[in-house]
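Geometric and topological summary
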Amino acid sequence: MWNGKNKALTFSYDDGVESDRKLVSIFNKYGMKCTFNLNSALMTPESTWEMNGFTVRRMPPEGLPELYKGHEIAVHCTTHADLTKLSDEEVRREVLEDKSALEKLFGTKITGMAYPYGAFDDRIIGILRECGIKFSRTCEDSHGFGVPENLLAFGATCRHESDDLFELLDKFLAYSGTEPAVFCLRGHSYEFDAHDNWRIIEEFCEKAAFREDIFYGTNSQIYKL
Ligand SMILES: [Zn+2]
């Protein structure tokens, strides 16, 4: 399935904030591959918000291609708008302008996306198809390892703060069946800072890394797009 392996591990992290720097260094240490979903019109340090006393800060575009090297960049819409509240034309603009700005910044073709707020419907899916988007992640987690049928509205396995995270990981690591299995972990790096729980991702990566029977790839490498 993937280089002869039938288990694949991937990550999906959103918003492009300063905490991504530490997250990337952890992923790189363990050979993990992540898809980072970014908002091109919000790449300024003035774009901040508070979470649990921690100031979440977005990153400026300078240096981002170096930071995210080896990982995948995907669309998260220019201004992180709730697409279900916009007209067709506005949705097209949120998607296409983000896609082309990110393609220019990173010098690569972009085909992936994550829905801001997880908000989508059939109308939005139709527009994404016209915009050349091949896969888009929702916030509806599967708590399983099935290969998604509809890549334009696929769920991750779970969030890193999900109660069953390590139970699911143990199940995935022990799995030796013939059906392909994908573990997709999603979240926001600022949650590790705001909740002081970086150990979750360190522990997850340490347990899951460097296994002969697992393919480590970005979302598009796993879904072969
Ligand atoms: Zn977001």
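Procedures and definitions
- Within every chain, residues take consecutive numbers counted from 1 along the sequence as written.
- Two thresholds apply to this predicted model, a pLDDT of at least 70 for residue-level local features and 80 or more for giving and counting side-chain atom pairs, whereas whole-chain, interface and lining totals are computed over all residues.
- Secondary structure elements are defined from DSSP: runs of H or I of at least 4 residues count as helices, runs of E of at least 2 residues count as strands, and each element is numbered from the N terminus.
- All radius of gyration figures rest on C-alpha atoms, and the globule criterion is 2.2 Å times the number of residues raised to 0.38.
- Working definition of burial: number of other C-beta atoms within 10 Å of the residue's own, with buried at 20 or more, exposed at 12 or fewer, and partly exposed in between, all C-beta atoms being placed from the backbone.
- Think of it this way: build a C-beta for each residue from its backbone, and any pair within 7 Å is a contact.
- Between any two strands, at least two bridges found by DSSP are needed for them to pair.
- To get an axis, fit a line to the C-alpha atoms, keeping to the stretch in contact for a helix; angles then go from 0 to 180 degrees between the N-to-C directions.
- Each angle receives one of four descriptions, namely roughly parallel if under 35 degrees, roughly antiparallel if over 145, roughly perpendicular if within 65 to 115, and oblique otherwise.
- Each crossing gets its handedness from the near helix: less than a right angle anticlockwise from the far helix is left-handed, clockwise is right-handed.
- In this analysis, the expected span of each helix is defined as 1.5 Å times one less than the number of residues it contains.
- Our arc is simply the arc of the directions from the helix axis toward the C-beta atoms.
- Buried Ala, Val, Leu, Ile, Met, Phe, Trp, Tyr and Cys residues form a nonpolar core when they are connected through C-beta atoms within 7 Å.

Let us look at the overall build of the chain. Within the chain one finds eight helices and ten strands. At 17 Å, the chain has a C-alpha radius of gyration in line with the 17 Å of a compact globule built from 225 residues. Projecting the C-alpha coordinates of the chain onto the three principal axes gives extents of approximately 45 × 40 × 30 Å. Across the 225 residues that make up the chain, the buried fraction comes to 39%. Expressed as a percentage of contacts within the chain between residues at least 6 apart in sequence, the contacts between residues at least 24 apart total 69%.

A separate point is the pairing of strand β5 (residues 72–75). Covered by surrounding structure in β5 are E72 and A74 together with I73 and V75, the residues of both alternating faces. Inspection of the sheet shows strand β2 (residues 34–38) paired to β5 by four bridges, in the parallel sense. Paired with L38 across the strands is V75, a residue of β5.

With that settled, consider the packing of helix α3 (residues 88–106) against helix α4 (residues 122–130). Axis separation between α3 and α4 bottoms out at 10 Å; the angle between their running directions is 50°. When the interaxial angle is binned, α3 and α4 end up oblique. Once α3 is placed against α4, the crossing between them reads as right-handed. Across from D88, V91, R92 and V95 in α3, the residues of α4 making contact are I124, I127 and L128.

Moving on, we get to α3. The end-to-end C-alpha separation of α3 is 27 Å, in line with the 27 Å expected for 19 residues at 1.5 Å each. Those residues of α3 not exposed but buried are V91, E94, V95, D98, K99 and L102. Buried residues of α3 fall within an arc of 110° about the axis and therefore sit on the same side. What points out from α3, more than 90 degrees from its buried face, is the exposed set D88, E89 and K104.

Further remarks concern helix α1 (residues 20–30). All of the buried residues in α1 are D20, L23, V24 and F27. Angular distribution of buried residues about the axis of α1 spans 100°; they occupy a single face of the element. Residues of α1 that are exposed and point over 90 degrees away from its buried face: R21, S25 and K29. Among the structural elements, β1 (7–14), β2, α2 (64–67) and α7 (198–208) are those in contact with the buried residues of α1. Backbone geometry just after α1 places G31 at a positive phi near 70°.

This part covers the environment of I26. Tracing the chain through its elements places I26 in helix α1. Taking the C-alpha atoms as reference points, I26 and E206, 180 residues apart in sequence, are found 9.5 Å from one another. In this structure, I26 is in contact with I201, E202 and C205, ignoring residues within four places of it in sequence.

This brings us to the nonpolar core. Most often, soluble globular proteins keep nonpolar side chains buried together rather than apart. Of all hydrophobic cores here, the largest spans 49 residues; its most connected members are F27, V75 and V182. Take this core: its biggest share by element is five residues, from strand β9 (residues 181–187). Excluding residues that lie within four positions of it along the chain, V182 makes contacts with A8, T10, F145, V147 and I222.

As a further point, take unusual backbone geometry. Of note in the backbone geometry, N3 takes a positive phi value of approximately 50° without being a glycine. Topologically, N3 is positioned in the segment before β1. For N3, a count of 8 C-beta atoms within 10 Å puts it in the exposed group. Of note, D15 is a non-glycine position whose phi angle comes to about 90°, a positive value. Take D15: it is sitting in the loop between β1 and α1.

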